[in-house]
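Observations on the three-dimensional arrangement
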Amino acid sequence: MPIVVDIDVMPARREMSVGELSDRVGITPANLAVLKNGRAKAVRFATLAALCEVLKCQPGDLLRWEAEDTAGE
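Residues numbered from 1 in each chain as written. Predicted model: local features only at pLDDT ≥ 70, side-chain atom pairs only at ≥ 80, totals over all residues. Heavy atoms only, no water.

**Observations regarding the overall build of the chain**
Looking only at helices and strands, the chain has 5 helices and 2 strands in total. The burial tally for the chain puts 32% of its 73 residues in the buried class. Taking contacts inside the chain between residues at least 6 apart in sequence as the whole, the part at least 24 apart equals 60%. For the chain, the accessible surface area stands at approximately 5,100 Å², while carbon and sulfur atoms represent 52% of it. Between the centroid of the 9 positive side chains of the chain and the centroid of its 11 negative side chains there is a distance of 6 Å. (Helix = DSSP H or I, 4+ residues; strand = E, 2+ residues; numbered from the N terminus. Buried < 20%, exposed > 50% of the residue type's maximum accessible area, 1.4 Å probe, protein only. Contact = heavy atoms within 4.5 Å. Areas by Shrake-Rupley, 256 points an atom, 1.4 Å probe, with all protein chains shown as cover. Lys, Arg positive; Asp, Glu negative; His and termini not counted. Charge placed at Lys NZ, Arg CZ, Asp CG, Glu CD.)

**Some details on helix α4 (residues 45-55)**
Looking at α4, one finds that the buried residues are Thr47, Leu48, Ala50, Leu51, Cys52, Val54 and Leu55. Directly after α4, the chain includes Lys56, whose backbone phi takes a positive value near 50 degrees.

Right under this line is the structure:
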């Protein structure tokens, strides 16, 4: 998928554990792991906003676009 989630970078900069982040955002550690590992098919704007509020960052700090490999074409 061309959208990459970089959730592990910002908590590390804030010296915040995954457990603390999930508690403060209001999602389970399992759902945070799904986002962190790139297995999520979608993210709610409310969740993204909560992540940004807790981590004091912008959505672009957590999400980035990468071109898909087109070598097979």
